[in-house]
Number of protein chains: 2
Amino acid sequence: MLGGAAVHFSLAASFFTEVRPVGPVGEDFGDEQFAVLERRGVQVDDIERVPGGESFFWRGRYEYDLNVAHTEDTQLGVFGTFEPKLSAAAEAAETLFLANIQPDLQRQVRAQCDAARFSALDSMNLWIETAKDSLLAAIAEVECLIVNDAEIRQLTGEPNLARAARAVMALGPRAVVAKQGEYGAALFTEEGFFALPGFPLEDVRDPTGAGDSFAGGFLGYLDGHDGELDEASLRRAMGYGTVLASFNVERFGTERVAALSREEIEERFQLLHGMTQFEPLPAV
Amino acid sequence: MLGGAAVHFSLAASFFTEVRPVGPVGEDFGDEQFAVLERRGVQVDDIERVPGGESFFWRGRYEYDLNVAHTEDTQLGVFGTFEPKLSAAAEAAETLFLANIQPDLQRQVRAQCDAARFSALDSMNLWIETAKDSLLAAIAEVECLIVNDAEIRQLTGEPNLARAARAVMALGPRAVVAKQGEYGAALFTEEGFFALPGFPLEDVRDPTGAGDSFAGGFLGYLDGHDGELDEASLRRAMGYGTVLASFNVERFGTERVAALSREEIEERFQLLHGMTQFEPLPAV
């Protein structure tokens, strides 16, 4: 079914700002798939349809509690020979998300986006194991790393998450987001630490794409909001990321987010706020 | 080294209220061990020292990220033949914590504490597997279950945590606390859901006893504070539980909590508050 990091990200971010995914798809990505993006106003001009090609494909299974995914099959398809060449419109983006792919490709895209004032990068264990130097170079060129917490430990060789995040920031990024599945997500910055739980749901159908929907809500909000990219904005962005991820998992594939409304997002954002706030007693 | 659920709990709770642990120890639990408790004002009259006996003993190891413990050795020692008989002072307790032990023993203690207006129970996978009926009966008799999130799933046979917590509340408890290691803890009540991250630490030495220190901060605060056991109080109690657990893991055994001050607790509570709050934009 329809999926992929750029698709999940774009749909989630489309509620906050104009989104322009860049990347190749195969002939199996047809009018029906483009229509899902276009109905949400996503700009599809930079999606390159490769004649005779097949789209990137992933299949996996989840453990009992849905927190751990096991990859069963990955086929790069058209990504195997992809050489990114951005349009002028894509080059002008102020906010950039480098979804999980070979880090040299991420660096090529980053290099073409001179205008980006906030860029974020996702990655995975495969690249830590097979292309670590490239990945470290790619991380040094972005403002924010958004990966699973286990990957931050693996990347830095540091079992303590707070230390591992500090080691990442020493490479360049001003922010590190540790995705933690149903446990939520944590934000490390110079200013300090912030964390939100996952939004509690009684019906979780499909965690696939939750991390990319998180990134879409997070970066979409940051791009669309007025004002500085300060700590308060980053925290609010964590909230929108959490909300979009929670809608993502309610149904399979892109079903739920594609049918979402901004009002539903705001309603859940307020609920999340209510689930995380507490009042300390005034000092006696 | 000195440990055990009742010891960790008592030290943590001692910062908020009078604590009176009930249970047996062996001859290996001597003046030095009693002194650690007494220096924190813990009432030790209901600790029964069994001549010729050996104290309960646990040894285990932790995985790389310190989130998963593996038991290597457990010796019940004097708990093997323990028959709880509470003093009048212990029977009069308004708040009761039934630390993790065979659930029939927990029920015997609960039955002797008529005055308790808020009782909480901890348990573990061993009792779910070997004494499930007793455990379910014990849970039905308390106001609050405090266990690891995986144990809530195992107990109810429900992989979704929100559903699993609801199933526990259907048995009797008005509150369910899911402990989640470094990810923090979540509170389920009739009123809704609340969650806090673990307090981020760059030096974690020993997670042993963190759950019991959490319970000590949580129940100690509830017992010591003025006013109702309402949602706001429970949330604040989650904060104090989180703070006490975080001090517990900074050094081995009881070292750190035994040397703690109320001022340090309040300072960290305020830091935790600052790490979890965010401001939604006013509705446009």
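Every value quoted in this text rests on a predicted model; they were computed, and no experiment measured them. (Residues numbered from 1 in each chain as written. Chains lettered and ligands numbered in written order. Predicted model: local features only at pLDDT ≥ 70, side-chain atom pairs only at ≥ 80, totals over all residues. Heavy atoms only, no water.)

Draft legend 1. Focus on the relation of the copies chain B and chain A. With an RMSD of 0.0 Å, the operation that places chain B on chain A is a rotation of 180° combined with a shift of 0.0 Å along the axis. Such values leave the two copies arranged in the relation of a two-fold axis. Taken as a fraction of all interface residues of chain B, those also at the interface in chain A reach 100%, which identifies the copy contact as same-surface. (Least-squares fit on C-alpha atoms with pLDDT ≥ 70 in both. Contact = heavy atoms within 4.5 Å.)

Draft legend 2. Structural context of the sheet that holds strand E5 (residues 95-98) of chain A. Residues and elements named next belong to chain A. The 6 strands are arranged E5-E6-E7-E8-E9-E10 in an open sheet whose pairing can be described as mixed. Each having just a single partner strand, E5 and strand E10 (192-196) make up the two edges of the open sheet. Strand after strand, the sheet turns through a mean of 15° between neighbouring axes, direction not considered. Inspection of the sheet shows strand E7 (residues 144-148) paired to strand E8 (residues 175-179) by 5 bridges, in the parallel sense. The partner of Asn148 across the bridge, within E8, is Lys179. Contacts from helix H10 (residues 231-248) reach strand E6 (118-121), E8, strand E9 (185-189) and E10, with the element oriented near 160° to E9. (Pairing = 2+ DSSP bridges. Helix = DSSP H or I, 4+ residues; strand = E, 2+ residues; numbered from the N terminus. Axes fitted to C-alpha atoms, helices over the stretch in contact; angles between N-to-C directions.)

Draft legend 3. Inspection of the interface of chain B and chain A at higher detail. Contact with chain B, which involves 41 residues of that partner, is made by 41 residues of chain A. Together, Tyr183(B), Glu202(B) and Phe278(B) form the three largest contributors to the area buried by chain B at its contact with chain A, with a combined 20%. Between chain B and chain A we count 6 salt bridges in total. Across the salt bridge formed by Arg153(B) and Glu182(A), the nearest N and O atoms sit 2.2 Å from each other. In this assembly, chain B and chain A are joined by 26 residue pairs in polar contact (both at pLDDT 80 or more). (Buried area = accessible area lost by both parts, 1.4 Å probe. Salt bridge = Lys/Arg side-chain N within 4 Å of Asp/Glu carboxyl O. Polar contact = N/O pair within 3.5 Å; in protein donor to acceptor, adjacent residues only side chain to side chain.)

Draft legend 4. Representation of the pattern of salt bridges in the model. Using the criterion set out here, one finds 34 salt bridges over all chains in the structure. For Glu250(A), the salt bridge goes to Arg268(A), with nearest N and O atoms at 2.7 Å. Taken together, the residues span a long stretch of sequence, with Glu250(A) in the loop between H10 and helix H11 (255-258) and Arg268(A) in helix H12 (residues 262-276) at a distance of 18 residues. Owing to a relative accessible area of 12%, Arg268(A) belongs among the buried residues under this scheme. As a salt-bridge pair, Arg153(B) and Asp149(B) come within 3.8 Å of each other at their nearest N and O atoms. Remark: Asp149(B) and Arg153(B) occur in helix H7 (residues 149-156); sequence separation between them is 4 residues, near one turn of the helix. Via salt bridges that share partners, Glu250(A), Arg256(A), Glu264(A) and Arg268(A) belong to a single interconnected network. (Buried < 20%, exposed > 50% of the residue type's maximum accessible area, 1.4 Å probe, protein only.)

Draft legend 5. Here's a closer look at the sheet that holds strand E10 (residues 192-196) of chain B. All names here are of chain B. With mixed pairing, 6 strands are arranged side by side in an open sheet as E5-E6-E7-E8-E9-E10. The open sheet is flanked by strand E5 (95-98) and E10, the only strands paired with a single partner. Mean inter-strand twist for the sheet, computed between neighbouring axes without regard to direction, equals 15°. Where E5 and strand E6 (residues 118-121) come together, 4 bridges link them in parallel fashion. Across the sheet, residue Thr95 finds its bridge partner in E6, namely Phe118. Running at roughly 160° to strand E9 (residues 185-189), helix H10 (residues 231-248) makes contact with E6, strand E8 (175-179), E9 and E10 of the sheet.

Draft legend 6. Quick look at the pairing of E7(A). All names here are of chain A. The element E7 is extensively covered by neighbouring structure, given that 4 of its 5 residues are classed as buried. Sheet analysis places E6 next to E7, joined by 2 bridges and oriented parallel. Bridge assignment links Ala120 to a residue of E7, and that residue is Cys144.

Draft legend 7. The arrangement of the packing of aromatic side chains in detail. Scanning all chains against the criterion turns up 27 aromatic pairs over all chains. When the ring of Phe194(A) is compared with that of Phe278(B), the centres are 6.0 Å apart and the planes differ by 75°; the resulting orientation is edge-to-face. One end of the pair, Phe194(A), is in strand E10; the other, Phe278(B), is in the segment after helix H12 (262-276), on a second chain. Lying across the ring of Phe15(A), Arg40(A) places its NZ or CZ 3.7 Å from the centre. (Phe/Tyr/Trp six-rings, centres within 6.5 Å; stacked < 30°, edge-to-face > 60°. Lys NZ or Arg CZ within 6 Å of the ring centre and 35° of its normal.)

Draft legend 8. Spotlight on H12(A). Residue and element names in this part refer to chain A. With 15 residues, H12 ought to run about 21 Å at 1.5 Å a step, and its terminal C-alpha atoms sit 21 Å apart, in line with that. For H12, the set of buried residues is Ile265, Arg268, Phe269, Leu272, His273, Met275 and Thr276. Projected down its long axis, H12 carries its buried residues within an arc of 160°, all on one side. Relative to its buried face, H12 has exposed residues pointing more than 90 degrees away, namely Glu263 and Glu267. (Expected span 1.5 Å × (residues − 1). Arc of directions from axis to C-beta.)

Draft legend 9. View of a nonpolar patch on the surface. A grouping of Phe56(A), Trp58(A) and Leu76(A) is seen on the molecular surface, where their side chains present a nonpolar patch of about 250 Å² in accessible area. Inspection of the secondary structure assignment puts Leu76(A) in the loop between strand E4 (69-75) and helix H3 (88-91). (Patch = residues over 30% accessible without salt bridge, like charges linked within 9 Å, V, L, I, M, F, W, Y side chains within 5 Å. Areas by Shrake-Rupley, 256 points an atom, 1.4 Å probe, with all protein chains shown as cover.)

Draft legend 10. Region of the structure containing the side chain of Glu250(B). Residue and element names in this part refer to chain B. For Glu250, a relative accessible area of 17% translates into the label buried. Polar contacts involving the side chain of Glu250 include one to the side chain of Arg268, which spans 2.7 Å. With residues near it in sequence (within four places) discarded, Glu250 still touches Leu201, Asp203, Arg205, Arg256 and Arg268.

Draft legend 11. A look at the environment of Gly216(A). Residue and element names in this part refer to chain A. Structurally, Gly216 is set in helix H9 (residues 210-224). Using a relative accessible area of 0% as the deciding quantity, one classes Gly216 as buried. On a C-alpha basis, the gap between Gly216 and Ser261 in space is 15 Å, while along the polypeptide they are 45 residues apart. Beyond its immediate sequence surroundings of up to four residues, Gly216 is in contact with Phe9, Ala12, Ala13 and Tyr221.

Draft legend 12. Examining H9(A) more closely. With 15 residues, H9(A) should cover 21 Å at 1.5 Å per step; its first-to-last C-alpha distance of 21 Å lies within 8% of that length. Within H9(A), 12 of the 15 residues are buried, which leaves it mostly tucked inside the rest of the structure.

Draft legend 13. Looking closely at the packing of H10(A) against H12(A). Residue and element names in this part refer to chain A. With their axes 9 Å apart at the nearest point, H10 and H12 run at an angle of 115° to one another. One way to sum up the angle between H10 and H12 is to call them roughly perpendicular. When you trace H10 past H12, the crossing you get is right-handed. Contacts from Arg236, Gly239, Tyr240, Thr242, Val243, Leu244, Ser246 and Phe247 of H10 reach H12 at Arg262, Glu264, Ile265, Glu266, Arg268, Phe269 and Leu272. Among the residues forming the contact of H10 with H12, the class breakdown is 7 nonpolar, 3 polar and 5 charged. (Parallel < 35°, antiparallel > 145°, perpendicular 65-115°, else oblique. Left-handed = near helix turned anticlockwise from the far one by under 90°. Nonpolar A, V, L, I, M, F, W, Y, C, P; charged D, E, K, R; others polar.)

The values are spatial; any link to function lies outside them.
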